[in-house]
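Read off the chains here:
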Amino acid sequence: MAASDELGALTKAFSGFGVDEKSLISILGKSHPEQRQTFRKGTRDFFIQDERQFERWDDRHVIQLQHEFLRFKHAIVLWTMHQWERDARLLKEALYKGPTHNVLIEVACTRSSEELLGARRAYHSLFDHSVEEDVAFGIHDPERKLLVALVSSYRYEGPKVNEETAKSEAKFLSSAIKGAAGNKNLIENEEVVRILVTRSKLHLISVYKHYKEISGNYLDEDLDGHLYLQETVQCLCKPQAYFSKVLDASMIPNVDEIKKEAVTRIIVTRADVDMKQIKEEYNHKYGVSLPNKIEDVANGNYRDFLLTLVARGD
């Protein structure tokens, strides 16, 4: 391989999501010191040169690569966990690594009542606390009441929906949102929180439908500016659209590490649930297939494992 081709292959192997282990082994394993120096001099995104003409790794890129080398391992470990343990650990990490409130909402609203109860039981066993306790202790913003209620929820999952009640609650939500225009405290409206945290998903889908008929807009559209309420509605009423949106945002070049982690989290947790619908929604919304997008941005064993999980939805 020509030197320029090897340089390009190495740069690609170190870039994106995960690393291309096979390329690193085949190229670097047989390289001479002069070739590695050429690589260091030719990749200023990775290396910097001091006043003594000494090329060294950029510390920021070293930290990034530590994450990228671990990405495949992390995906494998998550995949082999019992679902309850996996969700419990995701909840814990969301509380103490950010906090990343969207993960709390995601787990609380896209799992069945039994699955969420199982995650709460696993949380007890793993951390000697309840998740409700840790959410209430760790979050001091106005969304605390909403988040505690969501992780505590045990929703009815039967087929019955009272359409008149759903229509009445859609009218209430429309009035509440209009009344909160310019006011950021909609999340402190106890009736809004009650509807979102206690009603069944089928009931809330009906509320969502009636809201569109009443207001002319979709409920989550009108909640723009009320992020936690908006994500709650999306996770409850249109989860595949929510997952597609988060996946796409997580695969943008130079995205931050917390957002990057969503790729692993979503594909691992949804592979056996609704991956086919997520792929269909992603293709419809972004005009590219999810496997092709992963091929473009991910590398090596990490890429291959993600593609294997995504194919389970076929």
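Residues numbered from 1 in each chain as written. Predicted model: local features only at pLDDT ≥ 70, side-chain atom pairs only at ≥ 80, totals over all residues. Heavy atoms only, no water.

As named in an unreviewed UniProt entry, the protein chain is Annexin D4, taken from Forsythia ovata.

Details of the pattern of salt bridges
Applied cut-off: One side-chain nitrogen of Lys or Arg within 4 Å of one carboxyl oxygen of Asp or Glu is enough to make a salt bridge. Secondary structure counts use DSSP, requiring at least four H or I residues in a row for a helix and at least two E residues in a row for a strand, with both numbered from the N terminus. Burial classes follow relative accessibility: with a 1.4 Å probe on protein chains only, a residue under 20% of its type's maximum area counts as buried, one over 50% as exposed, and anything between as partly exposed.
Across all of its chains, the model carries 21 salt bridges by this definition. Put simply, Asp87 and Arg111 hold a salt bridge, and the shortest N to O gap is 2.7 Å. Linking Asp87 in helix H5 (residues 83–96) with Arg111 in the loop between helix H6 (101–110) and helix H7 (113–127), this pair joins segments that are 24 residues apart in sequence. Judged by its relative accessible area of 1%, Asp87 is buried. A salt bridge links Lys92 to Asp134; the shortest N-O distance between them is 3.4 Å. Separated by 42 residues along the polypeptide, Lys92 in helix H5 and Asp134 in helix H8 (residues 131–138) bring together distant segments of the chain. We classify Lys92 as partly exposed; its relative accessible area is 21%. Each member of the salt-bridge network shares a partner with another, and the members are Glu68, Arg71, Glu257 and Lys260.

Comments concerning the nonpolar core
Applicable threshold: Residues grouped as a nonpolar core are buried Ala, Val, Leu, Ile, Met, Phe, Trp, Tyr and Cys residues, joined through side-chain atoms within 4.5 Å. Should any heavy atoms of two residues lie within 4.5 Å, those residues are considered in contact.
Grouped together as the largest cluster of nonpolar side chains are 75 residues, with contacts concentrated most on Met251, Ile267 and Ile294. Sequence-distant contacts of Met251, that is, excluding residues within four places in its chain, are made with Phe17, Val263, Tyr282, Leu290, Lys293, Ile294 and Val297. Formed by 10 residues, the second largest nonpolar core is a distinct cluster that contains Phe14, Leu24, Ile27 and Phe46.

Description of the packing of helix H4 (residues 59–80) against helix H19 (residues 300–311)
To keep it simple, the criterion reads: Axis definition: a line fitted to C-alpha atoms, limited for helices to the stretch in contact. Angles are taken between N-to-C directions and run from 0 to 180 degrees. With the far helix as reference, a near helix turned anticlockwise by less than a right angle produces a left-handed crossing, and one turned clockwise produces a right-handed crossing. Under this grouping Gly is polar, as are all residues other than the nonpolar Ala, Val, Leu, Ile, Met, Phe, Trp, Tyr, Cys and Pro and the charged Asp, Glu, Lys and Arg.
In contact at an axis separation of 8 Å, H4 and H19 are set at 30 degrees when each is read in the N-to-C sense. As for the relative orientation of H4 and H19, their crossing is left-handed in sense. Within the contact between the two elements, H4 uses Arg71, Phe72, Ala75, Ile76 and Trp79 and H19 uses Asn301, Tyr302, Phe305 and Leu309. Among the residues forming the contact of H4 with H19, the class breakdown is seven nonpolar, one polar and one charged.

Concerning the packing of aromatic side chains
This is how the line gets drawn: When two rings of Phe, Tyr or Trp (its six-membered ring) have centres within 6.5 Å they constitute a pair, described as stacked for plane angles under 30 degrees, edge-to-face for angles over 60, and tilted for the intermediate range.
According to the stated counting rule, one finds 12 aromatic pairs in the structure shown. Residues Phe14 and Trp57 carry aromatic rings whose centres are separated by 5.6 Å and whose planes lie at 75 degrees to one another, so their mutual orientation is edge-to-face. Taken as a pair, Phe14 in the loop between helix H1 (3–13) and helix H2 (21–28) and Trp57 in strand E2 (residues 55–57) lie far apart in primary sequence, 43 residues in all. Between Phe46 and Trp57, the aromatic rings sit 5.9 Å apart at their centres with planes inclined by 25 degrees, giving stacked as the arrangement. Of this pair, Phe46 sits in the loop between helix H3 (33–42) and strand E1 (47–49) while Trp57 sits in strand E2; the two residues are 11 residues apart in sequence, bridging distant segments of the chain. Taking the relative accessible area as the measure of exposure, Phe46 reaches 4% and is therefore buried.

Let's talk about the state of the cysteines
Note the following rule: In what follows, a disulfide is any cysteine sulfur pair within 2.5 Å.
A full pass over the atoms with the stated rule returns zero disulfides. Free of any disulfide, Cys235 has its nearest cysteine sulfur in Cys109, 5.7 Å distant. No disulfide involves Cys237; its nearest neighbouring cysteine sulfur is the one of Cys109, lying 9.4 Å away. On the basis of relative accessible area, Cys237 is assigned to the buried category, the value being 16%.

Observations regarding the layout of surface pockets
Just so we agree on the cut-off: Points on a 1 Å grid over protein atoms alone make up a cavity when a 1.4 Å probe fits among them but cannot get out, and a pocket when they form an open set with protein on both sides within 12 Å along at least five of seven lines; lining residues each have an atom within 4 Å of a point. Grid points are joined across faces, edges and corners, and a volume is the space filled by probe spheres set on the points.
Size it by volume and the largest pocket reaches roughly 590 Å³. Considering the residues around the largest pocket, the lining is formed by 26 residues, among which Glu257, Ile258, Glu261, Ala262 and Arg265 are closest to the centre. Those elements that place two or more of their residues in the lining of the largest pocket are H4, H5, H6, helix H15 (239–250) and helix H16 (257–270). If one sorts the elements of the lining of the largest pocket by residue count, H16 sits on top with seven residues.

With respect to empty space enclosed by the protein
Within this structure, the stated rule accounts for two cavities of 30 Å³ or more. Considered as a void within the structure, the largest cavity measures approximately 40 Å³ in volume. Around the largest cavity, the lining residues are Ala108, Arg111, Ser112, Ser113, Leu116, Ser153, Tyr154, Arg155, Glu157 and Lys201. Grouping the constituent residues of the lining of the largest cavity by class yields three nonpolar, three polar and four charged. Considering the residues around the second largest cavity, the lining is formed by Leu173, Ala176, Ile177, Leu186, Val192, Leu196, Leu223 and Val233. Elements with a minimum of two residues in the lining of the second largest cavity: helix H10 (163–179) and helix H11 (190–198).

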